[in-house]
Amino acid sequence: MANEATASTWRSRCEYIPGATLVLAVTGTLGRIITLITQTIIAREFGLSVFSDAYFAMEKVPELLISFVAAGFSAAFIPMFAEYRVSQGEDEAWRFASSFLFLSLIVSLAFTLVTVLGAAPLVSVIAPGFQGDARAISIRLLRIMALSVMFLGVNAGLLGLLQSYGEFFVPEWGRIAYNCILLGAAWTLSRGAGVYALAWGIVLAAIIWLLIQIVGVVRRGALRLTWVIDHPGTRRAVRKLLPFVIAVSGVEITFMIDRMVASGLSEGSIAALNYASRIVLLPVGLFAIPLRTAFYPTLSNLAAQSRLRKLGETTLSGLRMLLFVVVPAAVGLAALRVPITRLLFERGAFDSLATRHTSEALVLYAAGVPAVSAIFFLVTVYLSLGDPLTLIGFHAISWVINAVLSVLLSRRWGHQGIAGATAIAMNLTVILLIFFLKRRRLRSLSVKPLVRSLSKNLLVSVMMGSLLLFLPSKVNTLLVQWRLNLQLLHVAILVPVGALAYLGLATVLGADELVTLGTTLQRFVKSRGP
């Protein structure tokens, strides 16, 4: 009876997941599909070569700065804007917002200038193993990509502003437009202008993303800027900003470390790690990031109101729902690593050897996907509590572990060792984050239900993965008999089979998360109905 009451209570707390999460999941899915198509085109044109290595190594710089500026600025802005609205009213909140946006613009311009002028030494840090053509190409790519950074600060402030008012749709469509422009650059320009077309595509995409958000804020009537340069809230934000931007960039810095170590390996190692990470991070983008984005304003409000018990319960609910989805996704990607890699990338310059190298990294990266997803969510909890320094400490431990293990393991196993080191570091990090949060900040965060739920998810996922490992040969035999040996059809059969097997086994074992998901979807559909 006690267990039934606990499950019922948990379901009643969880059954309302904001509709924003589902909207973000849909737009996130579309954005990730567009990104994968772009990666497919890049793989076809450049394969595992010096050009793809240089591009993917330098591409991490604007991605990291987007995380630094966009995610970090938003993370600093949202709780402070909510605090001013609650404590001092709308007018004072807008004075803070105006000052913050001016600060964002100044910081973005400074980042751009530093990156353009310091491109050569930055390349030496980012890719210390690059020499000759790889280094020259990387320097030129970095200088072009740096121009996109000048638009990111204001973009980040507007993103935080829209999310503070519960508007998640416009920022996500801005991201989709960003991805579409990169796709267009890869599709139409890369054959003529080469890899540099991709860098100019990043610049154009950043401009369009900013314009979309400006239009969204104006149409919503939420833009009430005043000429305020110096504001007490902005001074507080400046003091918090560096810890915030480092705290939200832990995962991105980890993948940057991967590329730094891989720059000293054989040609194509960075590209192989990139393609593998793009695949395994798909469930993170589809589930973890939308959940984090939709929950952050709620978590910030609970923390601002000192409702720590409710904050702990909400954190537990979010983690259980997240792991219920991403654990089987990670196992499925590991089991189907070769068919999926072949389907997405094997064409043109990307040959069967490139498929093997990429799938070797993919299976090890997949072991860290649940941890990465949980880290993305837990970062919002720590930031809601105003505790970025603890995040930085745990991230620093993770970076050191990842760097040391990557160097050691790559000597024997090459890029596979780097992927394995990352998975180990991510799993250790999430364990530290959860147990510290439980012991020091949120005693209402019950770890036992989370462990039981995760154990059940792992059991069901392993059973599903075993089925997927057995089926490919059978499916291949059937397709050959039907003269339909198509990789798309192969994956199209196996993925639904795996999903149905997981859902069926979860139903048999009575997973609470499955009931909650069904109830949430029903409520969402009814709320959008006629």
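Residues numbered from 1 in each chain as written. Predicted model: local features only at pLDDT ≥ 70, side-chain atom pairs only at ≥ 80, totals over all residues. Heavy atoms only, no water.

**Student:** Run through the pattern of salt bridges, naming residues and quoting values.
**Tutor:** Taken as a whole, this structure holds 5 salt bridges when the rule is applied. A salt bridge links R342 to E346; its shortest N-O distance comes to 3.6 Å. Note on R342: relative accessible area 34%, which makes it partly exposed. (Salt bridge = Lys/Arg side-chain N within 4 Å of Asp/Glu carboxyl O. Buried < 20%, exposed > 50% of the residue type's maximum accessible area, 1.4 Å probe, protein only.)

**Student:** How would you sum up the packing of aromatic side chains? Please name residues and give values.
**Tutor:** Evaluated as defined, the whole model comprises 9 aromatic pairs. Ring centres 5.4 Å apart and planes at 65 degrees place the aromatic pair Y55 and F56 in the edge-to-face group. On the basis of an interplanar angle of 70 degrees and a centroid distance of 5.6 Å, the ring pair of F394 and F436 is categorised as edge-to-face. Here F394 is found in helix 19 (residues 388-413), whereas its partner F436 is found in helix 20 (residues 415-441), with 42 residues between them in sequence. On the basis of relative accessible area, F436 is assigned to the partly exposed category, the value being 23%. (Phe/Tyr/Trp six-rings, centres within 6.5 Å; stacked < 30°, edge-to-face > 60°. Helix = DSSP H or I, 4+ residues; strand = E, 2+ residues; numbered from the N terminus.)

**Student:** An account of helix 17 (residues 352-366) is needed here, citing residue identities and associated values.
**Tutor:** Here helix 17 is 15 residues long and its end C-alpha atoms lie 21 Å apart, about the 21 Å a rise of 1.5 Å per residue gives. Of all the positions in helix 17, only A354, T355, T358, S359, E360, A361, L362, Y365 and A366 are classed as buried. Summarising the contacts, the buried residues of helix 17 are in contact with helix 12 (250-262), helix 13 (269-280), helix 15 (308-335), helix 16 (337-345), helix 18 (369-384) and helix 20. Between the side-chain oxygen at the start of helix 17 and the backbone nitrogen of L353 there is a gap of 3.3 Å, and the oxygen is on D351. (Expected span 1.5 Å × (residues − 1). Contact = heavy atoms within 4.5 Å. Polar contact = N/O pair within 3.5 Å; in protein donor to acceptor, adjacent residues only side chain to side chain.)

**Student:** Lay out the confidence of the model for the protein in plain terms, naming residues and giving numbers.
**Tutor:** For the protein, mean pLDDT is 77; residues scoring 70 or higher make up 76% of the total. When the criterion is pLDDT under 50, residues 1-18 qualifies, and its contacts beyond four places in sequence or with other chains add up to 25 contacts. Between residues 523-530, whose pLDDT stays under 50, and residues either more than four places distant or in other chains, the model counts 5 contacts. (pLDDT = per-residue confidence, 0-100.)

**Student:** Please give an account of the packing of helix 18 against helix 19 that cites residues and values.
**Tutor:** Here helix 18 crosses helix 19 at 145 degrees, and the two axes come no closer than 8 Å. Contacts between helix 18 and helix 19 involve I375, V379, Y382 and L383 from the first element and P388, T390, L391, F394 and H395 from the second. Looking at the contact of helix 18 with helix 19 residue by residue, the classes come out as 7 nonpolar, 2 polar and no charged. (Axes fitted to C-alpha atoms, helices over the stretch in contact; angles between N-to-C directions. Nonpolar A, V, L, I, M, F, W, Y, C, P; charged D, E, K, R; others polar.)

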